[in-house]
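Residue-level structure breakdown
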Amino acid sequence: MGVPVLTTNVWSELRFTSTPRIDISISPNLTALAMIADALAGRRRGLPELWRRAIQSRVSSPGHAAVQPLAARGYSVVPDSVMPITPTDDVSVQAQVDLLCDISPDSLIKDLEQAFGPASLPEHWRLAASKPACWLRGYATALSDVWNATSPLWHHARPLLDKEIERVGIASVRGGLELLLGSLSERIQYGEHGLQIADIEPSVYDLGNRRLILVPMLAGRDAVIVNLDHHEAVWLAYPVRGAESLWRRPAAPATDELSSLMGPIRAQLLSSLEQPMTMSMLASQMKIAASGITYHCDKLYSARLIKKERRGREMWIARTNRAENLIELFRH
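Below is a summary of the structure that appears in this document.

What counts as what
- Residues numbered from 1 in each chain as written.
- Predicted model: local features only at pLDDT ≥ 70, side-chain atom pairs only at ≥ 80, totals over all residues.
- Heavy atoms only, no water.
- Helix = DSSP H or I, 4+ residues; strand = E, 2+ residues; numbered from the N terminus.
- Buried < 20%, exposed > 50% of the residue type's maximum accessible area, 1.4 Å probe, protein only.
- Phe/Tyr/Trp six-rings, centres within 6.5 Å; stacked < 30°, edge-to-face > 60°.
- Pairing = 2+ DSSP bridges.
- Axes fitted to C-alpha atoms, helices over the stretch in contact; angles between N-to-C directions.
- Polar contact = N/O pair within 3.5 Å; in protein donor to acceptor, adjacent residues only side chain to side chain.
- Arc of directions from axis to C-beta.
- Contact = heavy atoms within 4.5 Å.
- Parallel < 35°, antiparallel > 145°, perpendicular 65-115°, else oblique.
- Nonpolar A, V, L, I, M, F, W, Y, C, P; charged D, E, K, R; others polar.

The backbone phi angle of lysine 287 is positive, close to 55°, even though this residue is not glycine. Residue placement: lysine 287 occurs in the loop between helix H13 (279-286) and helix H14 (290-302). Its relative accessible area of 75% is what places lysine 287 among the exposed residues. Positive phi, normally seen in glycine, also occurs at arginine 304, with a value near 60°. Looking at where arginine 304 falls in the secondary structure, it is placed in the loop between H14 and strand S10 (306-311).

Further remarks concern the packing of aromatic side chains. Inspection of every chain in the model, using the stated rule, returns four aromatic pairs. Taking the centre distance of 5.4 Å and the plane angle of 65° together, the rings of tryptophan 125 and tryptophan 135 count as edge-to-face. Highlighted residues: tryptophan 125 in the loop between helix H5 (105-116) and helix H6 (126-130) and tryptophan 135 in helix H7 (residues 132-156), separated in sequence by ten residues. The exposure class of tryptophan 135 is buried, given its relative accessible area of 5%. Ring geometry for tryptophan 135 against tyrosine 139: centres 5.2 Å apart, planes inclined by 5°, an arrangement best described as stacked. Within this pair, tryptophan 135 and its partner tyrosine 139 are both found in helix H7, separated by four residues, close to a single helical turn. No difference in accessibility class separates tryptophan 135 from tyrosine 139, as the two residues are buried. Aromatic rings pair up to connect Trp125, Trp135 and Tyr139 into one cluster.

Right, let's talk about the sheet that holds strand S7 (residues 225-227) for a bit. As summarised here, the arrangement of the four strands in space is S2-S6-S8-S7, forming an open sheet in which the pairing is mixed. Edge positions in the sheet fall to strand S2 (22-24) and S7, since each has one partner strand and no second. Each neighbouring strand pair of the sheet contributes to a mean axis angle of 20°, computed without reference to strand direction. As paired elements, strand S6 (residues 211-217) and strand S8 (residues 233-239) share seven bridges and run parallel to each other. Among the inter-strand pairings, methionine 217 is bridged to a residue of S8, identified as proline 239.

So, on to the environment of serine 185. Positionally, serine 185 belongs in the loop between helix H9 (177-182) and strand S3 (188-190). Given a relative accessible area of 10%, serine 185 falls into the buried group. Between the alpha carbons of serine 185 and alanine 32 there is a distance of 19 Å; along the sequence they are 153 residues apart. Of note is the side chain of serine 185, whose polar atom sits 3.0 Å from the backbone nitrogen of arginine 187.

Let us now look at helix H4 (residues 93-102). Among the residues of H4, those classed as buried are Val93, Gln96, Val97 and Leu100. Along the axis of H4, the buried positions cluster into a sector of 100°, meaning they face one direction only. Opposite its buried face, H4 presents the exposed residues Cys101 and Asp102, each directed more than 90 degrees away. The inward-facing, buried residues of H4 contact helix H1 (28-40) and H7.

This part takes up the packing of H5 against H7. Interhelical geometry of H5 versus H7 gives an angle of 90° and a closest axis separation of 8 Å. Classified by the interaxial angle, the pair formed by H5 and H7 is roughly perpendicular. Here Pro105, Leu108 and Ile109 of H5 lie close against H7, whose contacting residues are Pro132, Ala133, Trp135 and Leu136. The residue makeup of the contact of H5 with H7, split by class, is seven nonpolar, no polar and no charged.

Let's shift gears to the sheet that holds S10. If you walk across this open sheet you meet the three strands as S9-S11-S10, and the pairing is antiparallel. Each end of this open sheet is capped by a strand with a single partner; those strands are strand S9 (277-278) and S10. Sheet topology note: the S10/strand S11 (residues 314-319) ladder contains six bridges and is antiparallel. Residue glutamate 309 lies in a different strand from S11, and its bridge partner there is tryptophan 316.

Okay, structure coming up:
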């Protein structure tokens, strides 16, 4: 699998001699991978800082360590274990996490050898190779944590994804594939022989009889993830059109109406949790004593409007799906 970078003057080629068969997959796994690469591994691709910080705050130290090889300077290839499910179906992130937990350490070693060769393992993958079980657990944890932080955003992106399905379908039926494929990203160009994709480890591939699967992602505007060598299908993951509208800070809920439902302090507290916070962060932001924050959080927890997670000495608070739905109901 390739995760190409933007700052390059070289390109991988995907050649085809006839009109390719186009499919589209609404797979959240590549969105999660793009978030990981940008927010955790340091491969910046335009993710807004607000979301970058939110993701960083949710991932444990083992998760942070596990994802570092994904953005090593000078490399775009990663082993298939990073994304073992090909996005031909709408597979959930939880299914992806479960599969990672079931992968044997020996399978990771084989994937690394297949990607880089048995005698030339890059330095940034050597720790994972020396402790494969530990790496797999850490990466699965990171994937799960990132998705817990960003899945509400994916839910709000559904109208954009539906529009993209329609756009791809119209282009396929009406013969507008050249225009479609050339509009996916500045890092994907439609050329004389097929597609050119910005890469720092360029190669040439023939599409042959394989399908070309387009995977719109909710990611930074420069994010592109591709797999050009799968035996069944080639897939290109790219930022969905209009994603910038979702990166804005969510509109404030009608606090007066929420206040009438649960009281002004709890309404303000719930509204403040646009991203997960610690109890001390909440107390500082709301200028309320820690004991008062604890009392109101206990009430919101009993109502299943917040969830708690202890990390070391800190207790982290986040809104539940129930709270998100409630706030959406009262949103301006």
